[in-house]
Amino acid sequence: KEDIYNPYVSPVFAKNLSNLPPTFICTAEYDPLKDEGNLYADLLKKAGNTVIHKKYEGLIHSYIGMPKLSKKILDTYQDIQTVLENALKKEPTNNV
């Protein structure tokens, strides 16, 4: 039970979240872990990190593994591609 507070298991319990690399977080409306994803994005931002946080409406946990289920899932793939392309160009942007 103590492991749930280990920052390697749940990074929201890390003592210091500053100076981390730019981060893309995607959360799904019907994911039981979305609150943790939202909290992590907020904590990273408060620590001064660059964070892109996209909330995908109408999707469930593990949706990323079901690309043929919905266009919204394919949109996520496109968003990930855009973030990676921008990172490789070293042009961080929130335009996803």
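Preceding this section is the structure that the text describes.
Note that the structure is predicted; figures quoted are calculated from it, not measured.

Observations regarding the pairing of strand S1 (residues 23-30)
1) Next: Bridge analysis of S1 against strand S2 (residues 51-60) gives 7 bridges, and the strand direction is parallel. Paired with Thr 23 across the bridge in S2 is Val 51.
2) Next: Where the polypeptide runs from S1 across helix H1 (residues 34-46) and back to S2, its parallel neighbour, the crossover connection is right-handed.

As for unusual backbone geometry
1) Next: Here the phi dihedral of Asn 19 falls at roughly 60°; this positive angle occurs in a residue that is not glycine.
2) Next: Along the chain, Asn 19 falls in the segment before S1.
3) Next: For Asn 19, a relative accessible area of 75% gives the class exposed.
4) Next: Residues other than glycine seldom take positive phi values, yet Ser 62 does so here, at roughly 70°.
5) Next: Mapped onto the elements, Ser 62 comes out in the loop between S2 and helix H2 (71-88).
6) Next: Since its relative accessible area comes to 43%, Ser 62 is described here as partly exposed.

What counts, and at which threshold
Residues numbered from 1 in each chain as written. Predicted model: local features only at pLDDT ≥ 70, side-chain atom pairs only at ≥ 80, totals over all residues. Heavy atoms only, no water. Pairing = 2+ DSSP bridges. Helix = DSSP H or I, 4+ residues; strand = E, 2+ residues; numbered from the N terminus. Right-handed = clockwise from strand over helix to strand, strands pointing away. Buried < 20%, exposed > 50% of the residue type's maximum accessible area, 1.4 Å probe, protein only.

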